[in-house]
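Observations on chain architecture
Each chain is listed here by its residues.
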Amino acid sequence: MNPLIEPFKIKVVEPIKMTTRAQRERLIKKAYYNLFFLHSNDIMIDMLTDSGTSAMSDAQWAGIMGGDEAYAGSRSFERFEQVVKDLTGYRHIIPTHQGRAAEKILFSSIVKKAGGVIPNNTHFDTTRANVEYTGTTAEDLVIDEGHDPASTYPFKGNMDLKKLKACIEKAGPENVPVVMMTVTNNSGGGQPVSMENLRAVRDMAHSYGIPFFLDACRFAENAYFIKQREKGYADKTIREIAHEMFSYSDGCTMSAKKDGLANIGGFLGINDDVLAQDCRNLLILTEGFPTYGGLAGRDLEAIAQGLDEVLEEDYLRFRIGQVAYLGDQLTKMGVPIMQPPGGHAIYVDAKSFLPHIPVNQFPGQALTVELYLEAGIRGVEIGSVMFGKKDPETGTEIPAALELVRLAVPRRVYTQSHIDYVADAFVRINERKKTIRGYKFVYEAPFLRHFTARFERV
Ligand code: F0G
């Protein structure tokens, strides 16, 4: 493979504070072995999330200076609205401060009565929480390959059409206010959805008179995978592919903190005039006037510019290539990861990497601590700390289905040598993995415990 080069030069730098292993031993102990308690200054490579962590371009920063902060009728909104309309083709563009605000407004408006069902390939946590908040059940209907970490199926984010049909028939179409699809499928490993599947899901939803919406956070990464992997798309531009993806849907929720290449922002795109009016009314109540929606004018400029840059093929080749490169390095040394590498992150299968640590001693947590100790890297456990539950009767732990550690790659932030540094940390952890020990809670909150839990080494 030709060496992957960054398709950008570095004009501004943010120093990384180097720490020693001895310092990190002290810091992680003080943080009760929970990486959420660490100060970002004490982290060398932060792979906690790809959300809101992108590096902005010179053109985005220049746009920020041109932000129009008028309360109503801001020209920054006009630019933003035009860019999003050209990209998506939706009739109504409603800015929000981030993705979950768009979700809250959409589900509050589209769910007319409690007791229904909203299907998705896999709901992201905030999407699920916002669906459930309306008294609606959130169903995850990804294809079976999506549950198999070893399967190399090219579109593991696809919806299972049989399961979707059964779900709609069981609930009754009148109780399904919307069908959603998450591109790429973050909670399923950042795996893409094929154009063919989007079309088929749209056809099925519409045959029952149900609207179809995208959770479009990582639409450009999904479009790049379609170009690489789906027949008939190799010669199309990313913009054409993205436009086609959006054209099959009746609207979308979007977090511009991902493929908007911005540090904050989001939007709701809608075709239906009545639904859009309802959403705008709620927006005024919770976010702000429809020409800024919880954002500053300068943020709208940064997003408008970011949505253009994210479609550049050189950028996406590097972006997807960098994540794949990390995945390949780990695979070569025998570290089990979710295959194939997703668009924005590598998910290490900690249960098979550390088979001597039982799931009730949290192998994923053990690996995140070890990555920090070894090299100052912060990943995030997506396993039984995050998704395990206590049996309400007996109080014993019910483990999550998978024990993963997500290494999310921020956009345009880290160079290839940073990625080599991460891979190198795994070489050394791999050599001494049998000595790694598990963890137990010394404090856990009754809900969302991963954020505030305190641990002790077993
Ligand atoms: N949908 C998906 C698929 C997401 O990945 C996220 C956020 C959201 C919605 C919510 O957007 O954060 O702007 O409110 N994912 C981040 C992550 C937090 O780390 O994966 P938001």
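Structure first, text after, so check above.
These notes cover the structure that comes with them. (Residues numbered from 1 in each chain as written. Predicted model: local features only at pLDDT ≥ 70, side-chain atom pairs only at ≥ 80, totals over all residues. Heavy atoms only, no water.)

**Let's talk about helix α16 (residues 416-431)**
Selection criterion: Under the scheme used here, helices are H or I runs from DSSP no shorter than 4 residues and strands are E runs no shorter than 2 residues, and both carry numbers assigned from the N terminus. Multiplying one less than the number of residues by 1.5 Å gives the expected span of a helix. When a residue's accessible area, from a 1.4 Å probe over protein chains only, is under 20% of the maximum for its type it is buried; when over 50% it is exposed; and in between it is partly exposed.
Between the first and last C-alpha of α16 there are 23 Å, a value that for 16 residues agrees with the 22 Å anticipated at 1.5 Å per step. Taken residue by residue, α16 has Q416, I419, V422, A423, A425, F426 and I429 as its buried positions.

**Focus on the environment of S151**
Test applied: By the convention used here, residues are in contact when the closest approach between their heavy atoms is within 4.5 Å. Here a polar contact means two N or O atoms within 3.5 Å. Within protein one must be a hydrogen donor candidate and the other an acceptor candidate, and residues neighboring in sequence count only if both atoms are side-chain atoms.
Structurally, S151 can be placed in the loop between β4 (137-140) and α6 (161-171). Overall, the relative accessible area of 13% leaves S151 in the buried class. Sequence spacing of S151 and P340 is 189 residues, and the spatial spacing of their C-alpha atoms is 7.5 Å. Ignoring any residue separated from it by four or fewer positions in sequence, one finds S151 in contact with E145, K156, Q339 and P340. A polar contact of 3.2 Å, which involves the side chain of S151, links it to the backbone nitrogen of Y153.

**Examining the layout of surface pockets**
Operational definition: The way it works is a 1 Å grid over only the protein atoms, where trapped points that fit a 1.4 Å probe form a cavity and open points with protein on both sides within 12 Å along at least five of seven lines form a pocket, and then any residue with an atom within 4 Å of a point lines it. Grid points are joined across faces, edges and corners, and a volume is the space filled by probe spheres set on the points. Amino acid classes used here: Ala, Val, Leu, Ile, Met, Phe, Trp, Tyr, Cys and Pro are nonpolar; Asp, Glu, Lys and Arg are charged; the rest, including Gly, are polar. For the domains described, the bounds stem from an automatic or database domain assignment.
Volume-wise, the second largest pocket comes out at about 1400 Å³. Lining the second largest pocket are 38 residues, and of these V12, E14, A55, R412 and V413 lie nearest its centre. When residues of the lining of the second largest pocket are traced back to their parent elements, those giving at least two are β1 (45-46), α2 (58-65) and α12 (313-332). Across the lining of the second largest pocket, the residue classes tally to 18 nonpolar, nine polar and eleven charged. Counting the residues that make up the lining of the second largest pocket, at least three belong to each of domain 1 (21-50 + 313-457) and domain 2 (58-309).

**Some details on empty space enclosed by the protein**
Under the criterion given, the structure shown has one cavity of 30 Å³ or more. If you add up the space inside the largest cavity, you get close to 100 Å³. Taken together, 13 residues form the lining of the largest cavity, with N34, F36, Q365, V380 and E381 sitting closest to its centre. Counting only elements with at least two residues in the lining of the largest cavity, the list comes to α14 (363-375) and β11 (380-382). Classifying every residue of the lining of the largest cavity gives six nonpolar, five polar and two charged.

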